[in-house]
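Structure at a glance
Read off the chains here:
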Amino acid sequence: MLFDLTGKTALITGTSGGLGQAMAIGLAQAGASIVAISSSGSDRTVESVRANGGQIEQLSADLSKADGLEDVFAKSLGFFGQIDILINNAGIIRRTPAAQHSRQDWSDVIDLNLNSVFYLSQLAGGHMLARGSGKIINIASMLSFQGGLNVPGYTASKHAVAGLTKALANEWAGKGLQVNAIAPGYMTTNNTAAITADEKRYASITERIPAGRWGKPEDLVGPAVFLASKASDYMNGHVLCVDGGWMAR
Ligand code: NAD
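Residues numbered from 1 in each chain as written. Predicted model: local features only at pLDDT ≥ 70, side-chain atom pairs only at ≥ 80, totals over all residues. Heavy atoms only, no water.

Glancing now at the site of the ligand. Taken together, 30 residues surround the ligand, and among them Ser16, Asp62, Asn89, Tyr154 and Thr189 come closest. Ser40 places a side-chain nitrogen or oxygen 3.0 Å from an oxygen atom of the ligand. Interatomic distance of 3.3 Å between a backbone N/O atom of Gly185 and an oxygen atom of the ligand. For the ligand, the accessible surface in isolation is 820 Å², of which the surrounding protein chains cover 91%. Secondary-structure elements contributing two or more residues to the shell around the ligand are helix 1 (18-29) and helix 5 (152-172). For the shell around the ligand, the residue count by class is 12 nonpolar, 16 polar and 2 charged. (Near = heavy atom within 4 Å. Polar contact = N/O pair within 3.5 Å; in protein donor to acceptor, adjacent residues only side chain to side chain. Areas by Shrake-Rupley, 256 points an atom, 1.4 Å probe, with all protein chains shown as cover. Helix = DSSP H or I, 4+ residues; strand = E, 2+ residues; numbered from the N terminus. Nonpolar A, V, L, I, M, F, W, Y, C, P; charged D, E, K, R; others polar.)

Right, here's the structure in full:
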């Protein structure tokens, strides 16, 4: 029963594919009703959850537009009448060396990867505080700890996500909310397509991963269910690495 999410509703962002899709399917299998949000639609995620008998509704929205977020949250709440779990997963990456990194790239990344995480956490947090319980899970990165290469905006945003996770946890831990983060290692999704296409870089990264392989989106499901469930009720402000041992090396 510790990991059972029956009767809970999870709002998950970035669910058209990749990690968000896997977490939506996984949380639905654990019993949660899902509100799936992405800018490009989540039809395949919806089909998959429903085919397994799960409950899911979707919204298409550009979460980098801060002005629209109150409306997005109100509509999300309207589907099942409550939000017990928020997974801030939607994120983008722009790969350009720092000296050439355009202001547009910088602000696009910060608007989605950081600003939308804070604004959605405020909206969901307010709702959860009123109910005295809730779980917020932010998707961080290895680049919440390391500098990365040619991705200064992304690294800045993911360091900030780790800090924000701790800041919110400090304020809300005593009020029944748990705010934590998952830091995925190298996972094969659209986000890493440019690296997987580069044979040399792909091989050198694989060699450095103690598990000897890249992560699959499904590798995130267990940790996400754990942080969404009662099993993690005494965890606050933690950034959980799911990285095949990358950070241990
Ligand atoms: P992905 O590109 O497959 O998925 C990104 C999702 O975000 C998609 O559903 C997309 O529609 C959505 N999205 C993009 N822009 C949006 C916007 N403006 N508004 C709403 N939704 C938007 O990539 P992924 O690897 O599944 O990434 C998910 C999260 O995991 C991101 O935060 C990413 O930074 C993080 N992450 C990924 C890896 C990895 O190796 N793949 C590693 C560490 C962290």
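Before going further, it helps to examine the pattern of salt bridges. The final tally for this structure, using the stated rule, is 8 salt bridges. Ionic pairing is found between Lys75 and Asp71, a salt bridge with its closest N-O pair at 3.1 Å. Highlighted residues: Lys75 and Asp71, both in helix 3 (residues 69-80), separated by 4 residues, approximately one helical turn. For Lys75, a relative accessible area of 45% puts it in the partly exposed group. Among the ionic pairs, Arg213 bridges to Asp219, the shortest N-O distance being 2.9 Å. Overall, Asp219 belongs to the partly exposed group, its relative accessible area being 26%. One salt-bridge network, in which partners are shared between bridges, spans Arg94, Asp105 and Asp108. (Salt bridge = Lys/Arg side-chain N within 4 Å of Asp/Glu carboxyl O. Buried < 20%, exposed > 50% of the residue type's maximum accessible area, 1.4 Å probe, protein only.)

Attention now moves to the environment of Phe145. Mapping Phe145 onto the fold places it in the loop between strand 5 (134-139) and helix 5. As for Phe145 and Ser39, which are separated by 106 residues in sequence, their C-alpha atoms are 28 Å apart. Sequence-distant contacts of Phe145, that is, excluding residues within four places in its chain, are made with His159, Ala183, Val239, Cys241 and Met247. (Contact = heavy atoms within 4.5 Å.)

To continue, consider the nonpolar core. Counting 31 residues, the largest nonpolar core has Leu27, Ile34, Ile87 and Ile182 as the members making the most contacts within it. For this core, the secondary structure elements donating two or more residues are strand 1 (9-13), helix 1, strand 2 (33-38), helix 2 (43-51), strand 4 (85-88), strand 5 and helix 8 (221-228). The dominant element in this core, judged by the number of residues it contributes, is helix 1, at 7 residues. (Core = buried A, V, L, I, M, F, W, Y, C linked by side-chain atoms within 4.5 Å.)

A few words now on helix 8. Of all 8 residues in helix 8, 6 are buried; the element is thus mostly enclosed. Of all the residues in helix 8, the buried ones are Val221, Pro223, Ala224, Val225, Leu227 and Ala228. Its buried side turned inward, helix 8 meets helix 1, strand 4, strand 5, strand 6 (177-184) and strand 7 (239-242).

Turning our eyes to something else, we now look at the packing of aromatic side chains. Overall, the coordinates contain 5 aromatic pairs when judged by the stated rule. In this structure an aromatic cluster arises from ring pairing among Tyr186, Tyr202, Trp214 and Trp246. (Phe/Tyr/Trp six-rings, centres within 6.5 Å; stacked < 30°, edge-to-face > 60°.)

Bringing the sheet that holds strand 6 into the picture now. Within a beta sheet, neighbouring strands are joined by backbone hydrogen bonds and run either parallel or antiparallel to one another. As summarised here, the arrangement of the 7 strands in space is 3-2-1-4-5-6-7, forming an open sheet in which the pairing is parallel. This sheet does not close on itself; its edge strands, each paired only once, are strand 3 (56-60) and strand 7. Taken pair by pair, the neighbouring strands of this sheet meet at an average axis angle of 20°, ignoring direction. With 3 bridges connecting them, strand 1 and strand 4 associate as parallel partners. Following the sheet pairing, Ile12 is matched in strand 4 by Ile87. On the sheet, helix 1 packs against strand 1, strand 2, strand 4, strand 5 and strand 6 and is oriented at approximately 170° with respect to strand 1. Each of strand 1, strand 4, strand 5 and strand 6 is contacted by helix 4 (residues 103-131), which is oriented at about 175° to strand 4, the strand it contacts most. (Pairing = 2+ DSSP bridges. Axes fitted to C-alpha atoms, helices over the stretch in contact; angles between N-to-C directions.)

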